[in-house]
Structures are given as structure tokens and as C-alpha cells.
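Observations on the model geometry
Spelled out from the first residue to the last, the chains are:
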Amino acid sequence: MKPAPFEYIRPKSVAEASVALGRRGATTAAIAGGQSLIPMLGLRVALIDLLVDISRLDDLKAVTETPDGVWLGSLTTHSQIEDGKTPDVFGGLMRRVAGQISYRAVRNHGTIGGSVALADPAADWPCCLIALDATVRVVGRSGVSVQRVADFIHDSYATTLTTGDIIMGFDIPAPKAALRWGFAKVARKSGAFAHSIAVVTAAGKDGPATVVLGAAGPRPRPMAATANQLAVPATTEEQLRAAIATDLDANFEGLDAYQKRMHTANILRAARDMRTQ
Amino acid sequence: MTAITVELNGVKVVDDVEPRLSLADFLRDRCGLTATHLGCEHGACGACTVMVDGLATRSCLTLAAMADGRSVSTLEGLRGDPLMALLRRHFHESHALQCGFCTPGMLIAARDILQRHTRPDDKTVRHELSGQICRCTGYANIVKAIVAAGQKMPQEPSPPPPAATSQS
């Protein structure tokens, strides 16, 4: 578990980091918390020439409540969110999600930007941020771009990031009414990557619902039929199960019978979790 | 090579390291501090847990270069720490170890748990300890020791809330 040799630099500014990441002829990687990248370097599934340490760039650490919601700089750690050190206008959803990621020692360093940049299909933040309709702001050689997280992640471990790009942070819109939410996760042990992640939200008592399922395919997908069914008053579990089956077939390929049962049970759990609020 | 300065257990250490050197290997091989154990070297087992700037940290998931300018505490540096003394006593009394390989990481994690939770119960300790792997004890006595140490801890005036994990 020793990484192959690489060069290490710690630029003083985002612009300098972006230039370094774009170094011609070199395979480069940005490191923030390193909680996924360092094992990947050790296992040599990632091989790089240059490691650019962005973990001390203050421009990526800003955390503010904006008129429309919350801005979380990409270096915001899971434990900062878990401990309520970031504005919470999501009724505790983000705190709950943060507290279930890996282990405390990992949460102390792992960042929300790193999690989304890696785009692991079983990671928690992509699923949660898509459910909250967050946008990601990216700075690179061609300037600044703003994209919905749902569009930013286009496949497993694949985002629209190109050479020299750095995630600045996330704009997460405040819900129009008090957020009701449910979160459920199936993992073999606490802290392990999940086999199923379900986030269910609704703004206020009668607001439209959103359901996002993660770890079921290359990237988290919104479950539209399930969300519509959830918004119908007096929906029965049978109706919900039928809607989930429709969504699973429409959004994910190659799920076996066990996986379908597991994802169905997990979404139902998240939905029940929300209905109790 | 990368020049680093680390405040290691209260002492300033200056060294030149290869960028790929992990903090764990730096501590063990360059500084001779072998309380920090390496089990899996990819963040799963928790044996290498140390404190960096007061935060529990996997020293196998941190590069020595990234610890430049930081303050690092290992188990050796916590010899005189009253909370660690309390934990050591309870680990001894509850027979919370067998081979002892995981114990340094367990003690560091246990101290971190007691700093964040006042009188944690069995369930909280088990959840918080899930990142530390022990292959001998079955955990029962480790959990017992930490819960007992928590009971004996002087009550903090205003303990921080135990974060979101309390919501079920």
C-alpha cells in the first residue's frame, strides 16, 4: 500500500492550482481531504505525476447563508456539517447524511467537494445534493461555470470536470417551506459504502415530493413516478411499490430480484421516515 | 523531497520527506513512534488513528507532506493526558484488549468519543467505534471500558450536542 512516486505542490491560490492541474504532459490530481484519493494512490488504481494540494485554499472554505439558500465551499468537511457548523435550512437532512458517512476520523478530513468530484455511485452527497437540487460552481481555464449537480455527474466516477477545473462549492437552494425528509441507507456495516441510498424530500405539508435513489446504478437518479405517487394523499404501500417498480425499470439496468427488493424496501423506509415528520 | 515542519507531541520536528510518504510511515519509520500501528493501510481498520490539529485522523490516509505546519499527537504524546489515563485504567480493569494491536487506535478513538459525547451509552459508543477494527475481543469489553470511563469523567459545563447521529 505505498503509492508510486509523485511530485507534490501546495499552491497559494485557486488560479495557481488550476494552472498546476493543467500542466502539459502530466497526469495531475487535486487533493483536499484525500480520504478516497490516498487509498486509490496506494492501491495504484490512480497513477499520477503531480499531486496538487488544494486543502488550504481559503477561497474554497467559505460557508454562508445566502438569500436563496446555503453556499458550502468545496472544502467543507463532513464533520463540519455533522456538527451543525454549517447553516441548516434543510431540517437536519444534511446533518443526518453527513453523520452516516464512513467514520469520524474520515469525516474530519473528507470534503463535500471531493465526494462529488469523485462521483462514486455509492457516495452520499451526490444523492443528497441532487435531491436538494443543488448547483455546483466550477472554476477552470475557461472561466466559471454553474451546473446542476444532477447534470454535473454523468456516469459512475465521471463528471464534466476537465483538466484544470476545481470545484468552488455548492449553492443549495432553501426549500420553499419547512423541509420534510427521509433518508435510508443499506450498508453491510456502518461506515461502509452503501448498497442503496434513498433520499426523500417534500417542502411543507403539501409540497411536491422528490425521491432520489443512489448506489443502484452508475449515478443517483430521481424517481419521478414514486415522487408523484408520494404526493397523492392516502397513498397505499401497494401503490408506492408499483411506482417504485416503474422507476427502477426506467432508471436502472440489470438489477436482479434481490436488488429490486432491497431498493424498494430502502425507499419505503425513507418514505416512512419522511411521513413521520 | 518536500520540507515539512510538524509539531509532534509538542516538539517541533523538521524533516525532508518523499511526497508519497504517509503520516503513519513518517511517525513510525522516521520518528520512531511505533505506538501508531498500521493494519490495513487504506483507512478501514483504524489502528493508525492519531490526532491532527485536535481532530481524529487516519495517519495512513494523510501524507506527511499534508501534515506540514500541523500539530500531531500520537499515543506516546498522550501519556500525561488525564483522560487517557482514565481510559487506560478502564481498558485494564475491563480487560479491553487481547493481542493489543488495535489498542492504540482504540484509545485515541475512545478519547475522541468522550470528548464529543458526555457519558455516552453503549449504543453511541458502538456506533462511534465502528471505524476501529479488533479481531480478538469481540468488542464487548472495549465498549464496556469506554462507557465506564465516560461515567467517571468530570462533567463538562456545557457539552456540545452529540450531532445528528442521535436522530434515528
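Residues numbered from 1 in each chain as written. Chains lettered and ligands numbered in written order. Predicted model: local features only at pLDDT ≥ 70, side-chain atom pairs only at ≥ 80, totals over all residues. Heavy atoms only, no water.

Turning our eyes to something else, we now look at the interface of chain A and chain B. On the chain B side, the residues contacting the 34 residues of chain A number 35 residues. At the boundary of chain A with chain B, total buried surface from both sides reaches about 2900 Å², with 54% on carbon and sulfur atoms. Counting the contacts that link chain A with chain B gives three salt bridges. Close ionic contact of B:E41 with A:K2 constitutes a salt bridge, the shortest N to O distance being 2.8 Å. (Contact = heavy atoms within 4.5 Å. Buried area = accessible area lost by both parts, 1.4 Å probe. Salt bridge = Lys/Arg side-chain N within 4 Å of Asp/Glu carboxyl O.)

Residue and element names in this part refer to chain A. Read from one edge of the open sheet, three strands run β1-β3-β2, paired in parallel fashion. In this open sheet, the two strands that pair with only one neighbour each are β1 (7-9) and β2 (28-31). Strand after strand, the sheet turns through a mean of 25° between neighbouring axes, direction not considered. Pairing between β2 and strand β3 (residues 50-53): four bridges, direction parallel. Each bridged residue has a counterpart across the sheet, and for A30 the counterpart in β3 is V52. (Pairing = 2+ DSSP bridges. Helix = DSSP H or I, 4+ residues; strand = E, 2+ residues; numbered from the N terminus. Axes fitted to C-alpha atoms, helices over the stretch in contact; angles between N-to-C directions.)

Residue and element names in this part refer to chain A. Residues L93, M94, W125, L129, F170 and I172 are the most contacted members of the largest nonpolar core, which totals 36 residues. Residue contributions to this core peak at six residues, all from helix α7 (residues 124-131). Three or more residues apiece are contributed to this core by two domains, here domain 2 (58-173) and domain 3 (179-275). When sequence neighbours within four positions are dropped, the list of residues in contact with W125 reads H78, I81, M94, V97, A98, I101, I112, S115 and V116. (Core = buried A, V, L, I, M, F, W, Y, C linked by side-chain atoms within 4.5 Å. Buried < 20%, exposed > 50% of the residue type's maximum accessible area, 1.4 Å probe, protein only. Domains from an automatic or database assignment.)

Right, let's get into the environment of A:A250. All names here are of chain A. As for its position among the elements, A250 is in helix α10 (residues 237-251). Among the residues examined, A250 registers a relative accessible area of 62% and is labelled exposed. In the structure, A250 is positioned 29 residues away from R221 in sequence and 10.0 Å away in space, judged by C-alpha atoms.

Here we come to the state of the cysteines. Taken as a whole, this structure holds zero disulfides over all chains when the rule is applied. Counting only cysteine sulfurs, A:C127 is the nearest neighbor of A:C128, a cysteine outside any disulfide, at a range of 7.8 Å. For B:C134, which is in no disulfide, the shortest distance to another cysteine sulfur is to B:C102 and amounts to 3.8 Å. The class of B:C134 is buried, set by a relative accessible area of 7%. (Disulfide = S-S within 2.5 Å.)

Further remarks concern a nonpolar patch on the surface. Where nonpolar side chains cluster on the molecular surface, the patch consists of A:M1, A:L43 and A:V45 and spans about 280 Å² of accessible area. Here A:M1 lies in the segment before β1. (Patch = residues over 30% accessible without salt bridge, like charges linked within 9 Å, V, L, I, M, F, W, Y side chains within 5 Å. Areas by Shrake-Rupley, 256 points an atom, 1.4 Å probe, with all protein chains shown as cover.)

What follows covers the sheet that holds strand β11 (residues 179-186) of chain A. All names here are of chain A. The strand order β11-β12-β13-β14 describes an open sheet built from four strands, whose pairing is antiparallel. Two strands close off the open sheet at either side, each with one partner strand: β11 and β14 (221-222). Looking at chain direction, strand β12 (residues 196-203) and strand β13 (residues 209-214) are connected through six bridges and run antiparallel. Its bridge partner lying in β13, A202 is registered against A209. Across the face of the sheet, helix α11 (residues 257-275) comes into contact with β11, β12 and β13 while running at roughly 150° to β11.

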